[in-house]
Structures are given as structure tokens and as C-alpha cells.
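# Descriptive structure summary
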Amino acid sequence: MKYPKVVLTADRTLMSPYRGISLASFFGCAPAIDPNRSHDTLLYKILRNQVTPRLLFDFICNPISNHNGIADYAPYGLRKVEASLVRDGYSREDVVVAHPDYVEKFIGPETEIVGTYEMDPLGMGPVTMTFTYGRKQISYDEFYNKDLHMKINRAKEKNGSKAKVIAGASGTWQYNYDPAKIEEYGLYGVVEGDLGGIGPEIDGAGSKFFDALINNELETANPFKKNPFKVEIKEFERGDNTYHGRFIHYWNEPTVDEIPTIINPSMHGMIEVMRGCGRGCKFCDVTLRPLRYYPVEKVVKEIEINMKYGGLKNAWVHSDDIFVYGLNPRTTKNMQPNREALEELFSGIMSTGIEHTNPTHGTLAGAIADERLIPNISKIIRASPENMIGIQCGFETGSIRLIGKYADRKLAPFKPSEWHWVVKNGIKTLNENYWVPAFTLIMGLDNDETVEDSWDTIELLHSLEMEQPDSKFTTTPLTFVPIGLLEKSDFFDIGNTMDPPKLGVMYKTWQHNFKYGIQKFMHKVGRDNPVKNFFFAGLARTLGGVPLGAMERYARRRGPEHERVIEKIKANYW
């Protein structure tokens, strides 16, 4: 058997359709293992050290289909890298995107590179840090990432392979904080930044990068040789141990013409329409990337690939703010959306014949800056009660002080003082046009969140429920992670610094999700099998109250001040 030269893969949490459940891909952030659970407890006797039962997780996170071990679908960034190699002369037989359950069969003596796509490899992403109490538990993201690397190492040993294992995509910054994993996983190098779509932009470099790896040109940094790839050998002192890691940086941003078009189907029908953002939020690294927009023809080609080779009937449109598409933030007054460009974009998307599309991210300010924008787009994409449109938006905080300090351009063309008005009118406009925002907010933003800031968030959420009782939105609290312009700050340590008001924010968000989200409208947003929707809505209602109970128990352990906050929310903000 001749083995491929390059094997690309990702762990199970990134290679699952999640049974077609919207937003279920976040389930990988759930805690899998509690290594500190007492062996004397009844819970340990029933579940051992499992937190979220693996049987349940593996059922919802079902494996993607494959043909002879080759994945039928793959993360969009991997598809971009695959396309760049084929574009640059690698044969299709030399580049395999392997299913994680069958990766061993593709790694052999001829294999030069094994590339892993990693979004949250060590469970340090904001959602995961929240769910695992600051990594006191092991998430499924981390669990299955380790499982993948152990399979790769076993295959190399069994088949006599000397392949270099390279970790890439937007989660690789985490190896700086737990460098022991570099040695444990046998990583030759860590590519910092995105791989391609949604993440360093190695897809623009294509074969140049992989040829340099294969020819040992990235062993060490050479200051006397011009090289687009910067190699940094980092040394980490951790207690009595010293760890080393080879970190590879690529500074060039490909032009739109240099960005390849995918040649095989992406997970969830994902395609991208732009790179960069331009909003300038200090807590985000996307804003550091230059803005580039795909022409409609390029977007259409990728959707057609997903339809032709993957049988997909939906297009998940990735951007970091869809309402920035087509504008130049340096010359556009107050970041006013380019409605004509957006209408042309979504008209082109729908012209492919797909049945459903929705953007991944957008800002509330952008959604309401032009009163005709959302109604017009909704007509184009045929939004309706039976075809609800999901979008993730940054709620961030109810504090006008914090939003003005860290994300003032997120509100453009509005002012920080208008933030509460923007939130309320944004939800109203989206809901009226059959859009459901999934909000994320940041707990402990730059470790600068005061007691008053926390209560501002709780009160804004409550006023939304009172003033707009039929509104549809979810809220997910995220712990602050130091990236973007705040990369030198400290993590918000949720496990040790959860003061009463921040616990109150977390409790209020989950109370909203349970009472106003899961119970009121989850069963109405499904688009396919009504039996499946009924089953999963029932499961969500059953499990939805679990976080509330856990937080109440946590408050009792922490003491009277934490308990009083919970009781105050129950009495005044329920």
C-alpha cells in the first residue's frame, strides 16, 4: 500500500454533524471528565469520573460519514488547506483528509506530514473554560483531541512513520499555556494563527509551507535567510520541568485571488464570504486581520461544491460580522452597512437552489443601522416561522462603561451611551423578521468588571424579558480569555475568582435560557424531522435545569454572600 504524503484530520468534536441540531457543536465544550471526583461518592459508583455521560455525548456527537476512511465532510479550514495543496501541484492521492476513527490507516513510511485542525485543543476556549470551571474538569474538546493524537502516535510507531505532526487552526495559542502537551502529543510544530477559512492563513501559502516542512527548512529560525515563515523555539519553565516547542508564524495575508476555492464538501455547509472585521473590539483577534471580501461568484462556487459532492441543502455563511460585508470601514461613515452589496450576496447564495442559509456572526448595531436591511435580506432568504434564521451576536456586557472602554466601534454608527437601546431594538428587529440571535457575553472582561457592571448585565437581561416577553434569544456567558489587543492580560479565573455578582450573571443567563429559550421556543426552530425535534426539545428541557441546580449548590458551598445573590435574582429578576 502506498501511503499519502500529507494527511489532514481533526478530532471527533469537529467532525460531527451533531444530528443536524443547530448550535449543538458547542456541546464539545461540555465537561467530560472530573479527575478530582471522590471515589467514595455514589456519583462515582454510577458514572465513575464522567460528568456529561459519554454515551449521551457520543449519541449527539455522531461520527461523520466516510468512504474507506476518507471523511465525506471536513472543517472548512481543512478544506481550504486541501484545496491549496491540490492547486499547487500535489496530487489528490498525495493529500488525504482522514476521518478521525480511521486516521491510522493513512499514516505510513511515505507520509511526510500529519496536520491536525484544532479549535479548542486544551479546553481553554471561553465557552469551555466556563463550563469546566476554569479547566478543573476535562472537556470533550480536550478529551477527543488527546484521543486523536494518541491514535496518530500509535500509527506512526506501528507503521514505521517519521511524519511530522503539525497542529494548526485558531486554537493553537493554547499550547503556550500548557506546553507539556506539545511533548505528550509529539508535535513537531505548532502553527499560530488560522489555517485558512476561519482561522493563520496558510491556505494562501499552500505548497510553499508544506514543501518547507518536508525539506526541513523550518527546523530553526535563520535570521540571514528571507523566509515568509518565522520559526520560534520557545522554552517554558513549569515547576521543575522545562518544555520546548517549535512555533511557526506566517505573516502574509493572501489576497482574495490567492485564497483557494474548496474542492470537497465542508462541515455543516460552511462557506465564508469575507475575512477580517474592522470593528476593532479590544478583546478579539479577528479585528487584527485585514478586511477582504469574496465576490459573489466565488461564494456561489463553494456552495455548489457542497451541493454537488455533499448533497447539502444549506449554506452556513461565515464572517466575523456579516453586516460589514462590502464596506470599507476607513472611508464608510460610521460603518453604515452596504445594503446593496449584502442584497447581491444573499441573492447569489439563494440562486444556487439551497433551501436555507444563515450567517454565523453579526452585530446588533449593524443589523439596525439601516431599517430596510434586515427586512430585505429576510425576504431574499425566505425567512419565516418555519424557516428561522440563527445568528451569533456579541452581547458582551450590560455595562455601558465596559462597552465604551473595550468595544465602542462595535456600536457604530451608534454611541456607547445608546447600548441598551441598541440591544433592545436589535432583538426586536431580528425577531420581527424571524431571526433568533444567540448572544455571548464576557465574564470578567480584562479582569475589570466591577460589581456594578455585573448588575448592569443582570438588569438589562431582566428588562428585556419584561419589556419584550415574547422575544427569542439565548445567552451564553464566556470567561474572559486574553487574546487580541488584550493578549498580555490574565485569564479570568472562574474557578477561584467567581465573586457573587459574576455568579449572578451566570445564573441569570442560564435562567433565561431555560425559561425563555428552551421551554418557550426551542421546539419551534427546527426545520426537518418533527419527531427528532420533539425528542431533542424534551431532552433539552430535562437537562436545561441542571446548570441552575449546580450553581445553587456552588453558592451554598461558597457562603451566604453568594446565596443572597441567587435568592435576589429569584425574587426580583425571575
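In case you missed it, the structure is sitting above this.
The following refers to the structure shown. None of the values given here were measured: they were computed from a predicted structure.

### Looking at the overall build of the protein
When helices and strands are counted, the protein shows 19 helices and 19 strands. Within the span of the protein, comprising 574 residues, buried residues form 58% of the whole. Just so you have it, the protein exposes about 24,100 Å², and 52% of that area is on carbon and sulfur atoms.

### With respect to the pairing of strand 17 (residues 389-396)
For strand 17, the tally of buried residues reaches six of eight residues, placing the bulk of the element in the interior. In terms of strand pairing, strand 17 meets strand 18 (residues 435-443) through seven bridges, oriented parallel. Looking at the pairing, Gly394 lines up with Thr440 of strand 18.

### Quick word on the sheet that holds strand 15 (residues 314-318)
A sheet is described by the order of its strands in space; here three strands give the open sequence 12-15-16, paired in parallel fashion. The sheet is open, and its two edges are formed by strand 12 (270-272) and strand 16 (356-359), each paired on a single side. Averaged over all pairs of adjacent strands, the angle between their axes in this sheet comes to 25°, without regard to strand direction. Bridge count between strand 15 and strand 16: four bridges; the pairing is parallel. Bridging across to strand 16, Trp316 finds its partner in Asn358.

### Some words on the packing of helix 14 (residues 419-432) against helix 15 (residues 451-467)
Their axes nearest at 11 Å, the elements helix 14 and helix 15 cross at an angle of 40°. Relative to helix 15, the element helix 14 is oriented oblique. Crossing of helix 14 against helix 15: the hand is right-handed. Here His420, Val423, Lys424 and Ile427 of helix 14 come into contact with helix 15, specifically with Leu460, Ser463, Leu464 and Glu467. Split into classes, the residues belonging to the contact of helix 14 with helix 15 amount to four nonpolar, two polar and two charged.

### Notes on helix 19 (residues 560-572)
Taking 1.5 Å per residue, 13 residues should reach 18 Å; helix 19 reaches 18 Å between its end C-alpha atoms and fits that length. Buried residues of helix 19: His562, Val565, Ile566 and Ile569, and no others. Buried residues of helix 19, seen end-on, are gathered within an arc of 95° and therefore sit on one face of the element. Pointing more than 90 degrees away from the buried face of helix 19 are the exposed residues Pro560, Glu561, Arg564 and Ala571.

### Observations concerning empty space enclosed by the protein
By volume, the second largest cavity amounts to about 40 Å³. Lining the second largest cavity, in full, are Asp11, Arg12, Pro100, Asp101, Tyr144, Asp147, Leu148 and Lys151. Split by residue class, the lining of the second largest cavity holds three nonpolar, no polar and five charged.

### Focus on the packing of helix 15 against helix 19
Put simply, helix 15 and helix 19 touch, their axes get as near as 12 Å, and they point 25° apart. Taken together, the axis directions place helix 15 and helix 19 in an arrangement best described as roughly parallel. Both helix 15 and helix 19 take part in a crossing whose hand is right-handed. Residues Trp455, Ile458 and His462 of helix 15 touch helix 19, and the partners they reach there are Val565, Lys568, Ile569 and Asn572. Among the residues forming the contact of helix 15 with helix 19, the class breakdown is four nonpolar, two polar and one charged.

### Topic: the nonpolar core
Counting residues in each nonpolar core, the largest one holds 76 residues, and the members touching the most others are Val273, Ile322, Phe323, Ile349 and Trp435. If near-sequence neighbours (up to four positions away) are discounted, Ile349 is found in contact with Val299, Ile303, Ala315, Val317, Ile354 and Thr357. Residues Ile113, Tyr117, Ile202 and Met267 belong to the second largest nonpolar core, which totals 35 residues.

### A few points about the sheet that holds strand 10 (residues 229-238)
Spatially, seven strands are ordered 5-1-6-8-9-11-10 in an open sheet, and the strand pairing comes out mixed. Edge positions in the sheet fall to strand 5 (95-97) and strand 10, since each of these pairs with one other strand and no more. On average, each strand axis in the sheet is inclined to that of its neighbour by 25°, with strand direction left out of account. Both strand 10 and strand 11 (residues 241-250) contribute to a ladder of 10 bridges, which runs antiparallel. Looking across to strand 11, one finds that Glu235 is bridged to His244.

Reading the values: the criteria
Residues numbered from 1 in each chain as written. Predicted model: local features only at pLDDT ≥ 70, side-chain atom pairs only at ≥ 80, totals over all residues. Heavy atoms only, no water. Helix = DSSP H or I, 4+ residues; strand = E, 2+ residues; numbered from the N terminus. Buried < 20%, exposed > 50% of the residue type's maximum accessible area, 1.4 Å probe, protein only. Areas by Shrake-Rupley, 256 points an atom, 1.4 Å probe, with all protein chains shown as cover. Pairing = 2+ DSSP bridges. Axes fitted to C-alpha atoms, helices over the stretch in contact; angles between N-to-C directions. Parallel < 35°, antiparallel > 145°, perpendicular 65-115°, else oblique. Left-handed = near helix turned anticlockwise from the far one by under 90°. Contact = heavy atoms within 4.5 Å. Nonpolar A, V, L, I, M, F, W, Y, C, P; charged D, E, K, R; others polar. Expected span 1.5 Å × (residues − 1). Arc of directions from axis to C-beta. 1 Å grid on protein atoms, 1.4 Å probe; cavity = no way out; pocket = protein on both sides within 12 Å on 5 of 7 lines; lining within 4 Å. Points joined across faces, edges and corners; volume = space filled by probe spheres on them. Core = buried A, V, L, I, M, F, W, Y, C linked by side-chain atoms within 4.5 Å.

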